[in-house]
Structure formats: C-alpha cells, structure tokens
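Topology and contacts: notes
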Amino acid sequence: MNNPLLRKLSNFAALSEEESTAIADSCRDVREVGAREDVISQGDRTGGVKLLLDGFACRYKTLEDGRRQIVAYFVPGDLCDLRVFILKRMDHSIGAIAPSQVATIAPDNVLKLMHNYPTLTRALWWSTLVEEAIAREWIVNVGQRNALERTAHLFCELLYRFRAVGLNQGLSCTLPLTQVELAETLGLSAVHVNRTLQELRRQKLITLDDGRLTIQNLRILEELSFFNADYLHLERGPDKPRDVEREGV
Amino acid sequence: MDSSEFGQVSALNRRICRTLSMLRLVAAHVGARGGSSNESRHLAGRIGAIGRAILVTGFFDGVDLESLVLDELRLHAAGPAQFSISGPEVRLASDAADLMSLVIHELATNAVKYGALSQSRAKISVGWALVHRFGRQILQFEWLETGVQIMARAPPTPGFGSELIQRLIARELKGEGKMTLLADGVRCAIAFPFESGDAAP
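Residues numbered from 1 in each chain as written. Chains lettered and ligands numbered in written order. Predicted model: local features only at pLDDT ≥ 70, side-chain atom pairs only at ≥ 80, totals over all residues.

**Some details on the interface of chain B and chain A**
Opposite the 18 residues of chain B that make contact, chain A presents 16 residues. Where the side of chain B that touches chain A is concerned, the elements lending two or more residues are α1 (3–34), α2 (38–56) and α3 (65–75) of chain B. Considering only residue class, the side of chain B that touches chain A consists of eight nonpolar, four polar and six charged. (Contact = placed C-beta atoms within 7 Å. Helix = DSSP H or I, 4+ residues; strand = E, 2+ residues; numbered from the N terminus. Nonpolar A, V, L, I, M, F, W, Y, C, P; charged D, E, K, R; others polar.)

**Here we look at the domain arrangement of chain A**
All names here are of chain A. Domain annotation of chain A identifies domain 1 (4–126) and domain 2 (146–232). For domain 1 and domain 2, the distance between their C-alpha centres works out to 24 Å. The interface of domain 1 with domain 2 comprises 14 residues on the first partner and 13 residues on the second. Listed by contribution, the elements that provide at least two residues to the side of domain 1 that touches domain 2 are α1 (4–9) and β5 (68–74). (Domains from an automatic or database assignment.)

**Points about helix α7 (residues 190–202) of chain A**
Look at α7 of chain A: 18 Å from first C-alpha to last across 13 residues, which is about the 18 Å you get at 1.5 Å a residue. For α7 of chain A, the complete set of buried residues consists of H192, V193, R195, T196, E199 and L200 of chain A. The buried residues of α7 of chain A occupy an angular sector of 165 degrees when projected down its axis, which confines them to one face. Each element contacted by the buried residues of α7 of chain A is listed here: α5 (147–164), α6 (179–186) and β9 (206–209) of chain A together with β1 (63–64) and α3 of chain B. Of the residues trailing α7 of chain A, K204 of chain A is marked for its positive phi of about 55 degrees. (Expected span 1.5 Å × (residues − 1). Buried ≥ 20, exposed ≤ 12 C-beta atoms within 10 Å, placed from the backbone. Arc of directions from axis to C-beta.)

Take a look at the structure:
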C-alpha cells in the first residue's frame, strides 16, 4: 500500500484489493513540483483533481498588495479538493512547500471511481468532510486561540495527520516551514511567531530545526491548546501517540 | 513535570476553564440585558485577558511579558508598523501576570477607543527594564502612545483602566502606576518589585 491516499482512506474504511488497484491506476499522471513552486495558481483552469503523493504543500490566497494567507496544508495522501473540476477556474492557489510529487486524477476517472465503488466513494466523502472539519478548526484557531495556543494546536494537528499516513517518526515529522510561512498560516506577525516558538522551545514542548518538528511533550501541548483529535475522525486509526521517547518535561 | 504533577495542573486548569466559561455566560447575559452599555461590552474582553494569563502559569515557569503584550496587540489588530516593543526577557510570576495581562488589555482597549490604535499616524512603544533599587529588583514598564491627535471625546472621568493601574498595582503588587495625558498621546508608567516567575534554580 504505497499510495498515501490508500493509507489515508484506510483510517476510515477497509478497501478491497480491486478498489485499491482502481485508485492506484488513476494516479499515474505524476508531476514533480519544486519547493515554493505553484502546483496550480489562482485563475488557472481547474482541470483534474490534484493528489499530493510526496512532499508538503499548502492552499493559499494572496491580497493584491502581496499579503498572503495560507488556509490549508496538504500532507501526502491529501486531495486538493475532490470536486474542484465542477468549477471553471481556481479561486486560490496550491503551492508546494517542500519538493513534491503531485498526481492529477482526470475528472472522468474521479467520476468513474465514484460510479463503480460505493465503499471507496464513502471513504472519499469522509476525506472531504475531514478537510472541512480541519478548515473549521483553523477558523477557531485564528479567531479565538492566542499565539501560543494556535501554534501548539497546529503542531499537534500536523503530527496526527502525518501519523495517519505513516509518515511520522515517533513524535517527530518533517515540517519544512519558514517562520514567515508559519506567520502566514497562523495570522501572526513573524516576530510573534518567533517569540512563540522560543517559548515552546524553552518550555521543552517542541523543537523545530532543519525542517523537522519534534514534539517533546504531547500531553502538555494538547492540553494547553485545547486540542482534541476527534475532528480528524481517524475512526480506525492507531492508538493515541504517546510520549515514548521522553516522559514529561 | 511528572505524571502526577501533570494530572494536578490539568485538573486545576479544567476548573479554571469551567470558571471562565461560567463568567463568559454571565458576561453574555449582562451584555444581552445591558445592551450597548460600555461596561457590559468590556466584560467579555476583560475575562479573556485574565484567562490568557492564568491558563499557562500551571505548565510554564512564569508568563513571558513580551508574549502578553504581543497577544493583546494582536487581539486589537494592531499592525506591525503601529507599535514597537523593547525589553529584556521577563517572566512574570502568576500574581503579576494576571494583573499585567488585564492592565495591558485596558491600555490596548483604550488605544483603540481614543488613542494610537484609532489613528493611522500614531504609534505605541512598549518597553520595560529591570533595575536595582534599595537592594531589590524593580520592573519598570512603560506604555507610551505618541502622535495621537487628542479628541474631545477622550474619557472625562478616570475609568476602570486607570483605577486598575493606580490602585491595584499598589495593592496587589506593592508598586505604583500612573497614567499621564500628553499633548500628543498618553503615557502609562508602572513599577513594582519584581519576582521572577522562573522557578528553576
């Protein structure tokens, strides 16, 4: 099961061999995208559904004066909007943050998959609902949580999401984000992000070096950011990650 | 922090959260009844300011003063060009953190209503220093708004903010606080004996 979409969907339902093969067959159109390059830009024709196979990417919007808001992250296995081909043009951009591999699933193939495989269809609905749940949580994040809470919450979420596709190493995962990108995600100034990361490091809750996030104390990080993984709906996922490497602060 | 310590702090935090949530209910009720009254509009914000300081103190070794200031300015949508912050790393013990969080909230709210955050050319500089005086460490904190066009609608009577700054700083922190109206802004100076929240030896 090398396709990360299959790993992701397995958190919701057990897919048959046939369904797995059908998905793998639809992901043959693969393109390499360099770091900080757009996969597709605002205003482009929508075309097929993009699937991140490898790397790390984001969905973002820019204001005319250049200010940018990152509104979602994509980890491997994430679809960049299952139904996007219904629309004519992109109202936002998808950009790779790390060098990435992106598959394009032609609209016809998406429709065919959904026509032929009901379990798979429900699994794809599930992934769409989870994306929407994440988007809701991000609104709560920038609307209500303070800088420390929202940063901690984002890191918890990313660990769980990498873990759901088997791409974590214990309480650690790749996270090649600059502080400016974090600021654009969290709705904070870069100075504020820097201060907040310092504080999280100082309290021995995380390290973030060389594009790698390591959570040193997940329990405290979850508690102080009011993180509850229920919104990720990992119904069949493995148990809660534990502070195995390091108990306590 | 071991497992039982974590459990204790976590239980206490849950209790604080329940209390804050009840207070917010009360505030919402007062807001619904009191309609547009000034005080009812401020209540929820004040509860938020107290909550921000109180929840981290259990897990952390003191509250980072700069983070308190930054969070409060962010909440009032202050752009990076509207303020500057300077001061050494200061970790407030919980008593000072609760009160300073509220003080900074009042100052920022005031700036939105009458001061530097209501006008495009005005600026806020927030600064602090630790000085030794009579064998004790004193935290000197200053909130300075300049370039403000003083409007006639500035508050005629001392409000909750200045009362907080003058009376509570003296009573709770054994220090002094003073608000001064300037020709082009306002200056708030606070000083109190400093005890680091950093419990680590």
